Amino acid sequence: DLLQIGEREMRSLRGNQLSMIFQEPMTSLNPVFTIGEQIAESVRLHKGLDRKAALAHALRMLELVEIPAAAQRIHEYPHQLSGGMRQRVMIALAMACDPTLLIADEPTTALDVTIQAQILELMRRLQAETGMSILFITHNLGVVAHHADDVVVMYSGRVVERAPVRPLFAQPEHPYTQGLLACLPGKARQPGQPKPKRLFAIRGQVSSPLAPPPGCAFEPRCDQALPECRSAMPPLIDIRQDRQARCIRVQPDAQLARVA
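The structure presented is a predicted model; accordingly, all values stated were derived computationally and were not measured.

What about the pattern of salt bridges?
Move 1: Per the stated rule, a full pass over the model turns up 10 salt bridges.
Move 2: The residue glutamate 161 makes a salt bridge to arginine 243 at a minimum N-O spacing of 2.6 Å. With a gap of 82 residues between them, glutamate 161 in strand E5 (residues 158-164) and arginine 243 in strand E7 (residues 243-245) connect regions that are remote in the sequence. For the residue pair glutamate 161 and arginine 243, the accessibility class agrees, reading buried in each case.

The following block contains the structure:
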């Protein structure tokens, strides 16, 4: 249980067994150190290599993430690289100590579509080669559909639905998940229609975390809300094998109340 681990033990895990790719590499990389030095620092700390061996390992990592002229780039600073190159450096830094879990926080948000595809394919290849797990944090449902095995949908800091990726896209259970999928541009272009429908949007705004509603956090924006939704936060319950949802409509008691 990570909650029972002290700070010293967590320092041994961060960057070693657990690594992270941040959303904006320009603000995550240190501007006063070369990229080689930054990768080597993690290896020296966790693997106990000397400076020369750590730099050699950093060069191998840059080659692994397909940075051209890696022997030259290893001596350059973050501002000398393009956005796509910096993101590859972040992946190399995260992969340097062979983590078992890689957390990717919106890793392609600041990149153009072509570079996004290259970075995602690179991560897919590295995951297949190393066997590590990847936790994607993203708003891009296309990334979720093509790269995830299991999906956890969160709203206002709470899990509202969990399911394998294909069942979730085929039959979303929580109204927020349904709204997210309905917002996709492809939903407005149905075959046989003379013109696209108006693009769906979830109404309202996210509630302030300082003054959350007393019941379900999504209730003020939900078109399917019941009076009971305002009284208490529903629990996250099992609805089918490998599927969970936090909604009063999927609970047996709520089904009986609506029939009555």
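Once the structure has been displayed, the description carries forward.
A closer look at unusual backbone geometry
Move 1: Here aspartate 98, not a glycine, exhibits a phi torsion of approximately 55 degrees, which is positive.
Move 2: By secondary structure assignment, the location of aspartate 98 is in the loop between helix H6 (83-95) and strand E2 (101-105).
Move 3: Although it is not a glycine, serine 156 sits at a positive phi angle of roughly 55 degrees.
Move 4: Along the chain, the position of serine 156 falls in the loop between strand E4 (150-155) and E5.

Describing the sheet that holds strand E3 (residues 133-137)
Move 1: Spatially, the 3 strands line up as an open sheet ordered E1-E2-E3, and their pairing is parallel. The open sheet has two free edges, formed respectively by strand E1 (18-21) and E3, since each of these has just one partner strand. This sheet shows a mean twist of 20 degrees between the axes of neighbouring strands, independent of strand direction.
Move 2: Of the strand pairs in this sheet, E1 and E2 are connected by 4 bridges, and their pairing is parallel. Bridge pairing links methionine 20 to isoleucine 103 in E2.
Move 3: Where H6 meets the sheet, it contacts E1 and E2, and its direction lies at approximately 175 degrees from that of E1.

Things to note about the packing of helix H3 (residues 35-47) against helix H4 (residues 51-64)
Move 1: Axis separation between H3 and H4 bottoms out at 8 Å; the angle between their running directions is 115 degrees. Taken as axis vectors, H3 and H4 run roughly perpendicular relative to one another. Two packed elements cross with a definite hand, and for H3 against H4 that hand is right-handed. Each of Ile35, Gly36, Glu37, Ile39, Ala40, Val43 and Arg44 in H3 lies in contact with H4, whose residues at this interface are Arg51, Ala54, Leu55, His57, Ala58 and Leu62.

Examining the nonpolar core
Move 1: Ranked by size, the top nonpolar core spans 31 residues in total, and within it Leu62 and Ile91 carry the most contacts.
Move 2: Elements that contribute at least two residues to this core include exactly H3, H4, H6, E2 and helix H7 (113-130).
Move 3: Here this core gets 7 residues from one element, more than from any other, and that element is H6.
Move 4: Excluding its chain neighbours within four sequence positions, the residues that come into contact with isoleucine 91 are Ile21, Val65, Ile119, Leu122, Met123 and Leu126.
Move 5: Listed in part, the 14 residues of the second largest apolar core include Ala163, Val165, Tyr176 and Ala217.

Points about H4
Move 1: Between its first and last C-alpha, H4 extends 20 Å over 14 residues, near the 20 Å set by a 1.5 Å rise per residue.
Move 2: Within H4, burial applies to Ala54, His57, Ala58, Met61 and Leu62. Along the long axis of H4, the arc covered by the buried residues comes to 145 degrees, so they all point the same way.
Move 3: Positive phi shows up at glutamate 66, right after H4, with a value of about 65 degrees.

Details of the sheet that holds E5
Move 1: Spatially, 4 strands are ordered E4-E5-E7-E6 in an open sheet, and the strand pairing comes out antiparallel. Edge positions in the sheet fall to E4 and strand E6 (237-240), since each has one partner strand and no second. The sheet shows a mean angle of 30 degrees between the axes of neighbouring strands, taken without regard to direction.
Move 2: The pairing of E4 with E5 spans 6 bridges and is classified as antiparallel. Looking at E5, one finds that tyrosine 155 is bridged to arginine 158.
Move 3: Most of the contacts of helix H10 (residues 175-182) go to E4, to which it runs at about 105 degrees, and overall it touches E4 and E5.

The rules behind each value
- Residue numbering note: each chain is counted from 1, following its sequence as written.
- Totals for whole chains, interfaces and linings use all residues, but because this is a predicted model, local features are given only for residues with pLDDT of at least 70 and pairs of side-chain atoms are given and counted only at 80 or more.
- The side-chain values count all of the structure's non-hydrogen atoms but skip hydrogen atoms and water molecules.
- Whenever Lys or Arg places a side-chain nitrogen within 4 Å of a carboxyl oxygen from Asp or Glu, that contact is recorded as a salt bridge.
- Under the DSSP-based scheme used, a helix requires at least four consecutive residues in state H or I and a strand at least two consecutive residues in state E, with every element numbered from the N terminus.
- The cut-offs for exposure are 20% and 50% of the maximum accessible area for each residue type, with area from a 1.4 Å probe on protein chains only; residues under the lower value are buried, those over the upper are exposed, and the others partly exposed.
- DSSP calls a pair of strands paired once it identifies at least 2 bridges connecting them.
- Between the N-to-C directions of two axes lies an angle of 0 to 180 degrees, each axis being a line fitted to C-alpha atoms and, for a helix, fitted only over the stretch in contact.
- In what follows, residue pairs with any heavy atoms lying within 4.5 Å of each other are defined as contacts.
- Geometric relationships in this document are graded by angle, where less than 35 degrees denotes roughly parallel, more than 145 denotes roughly antiparallel, 65 to 115 denotes roughly perpendicular, and other angles denote oblique.
- A clockwise turn of the near helix away from the far one marks a right-handed crossing, whereas an anticlockwise turn of less than a right angle marks a left-handed crossing.
- Residues belong to a common nonpolar core when they are buried Ala, Val, Leu, Ile, Met, Phe, Trp, Tyr or Cys residues joined through side-chain atoms within 4.5 Å.
- The span expected for a helix works out to 1.5 Å for each residue beyond the first.
- Along the arc lie the directions from the helix axis toward the C-beta atoms.

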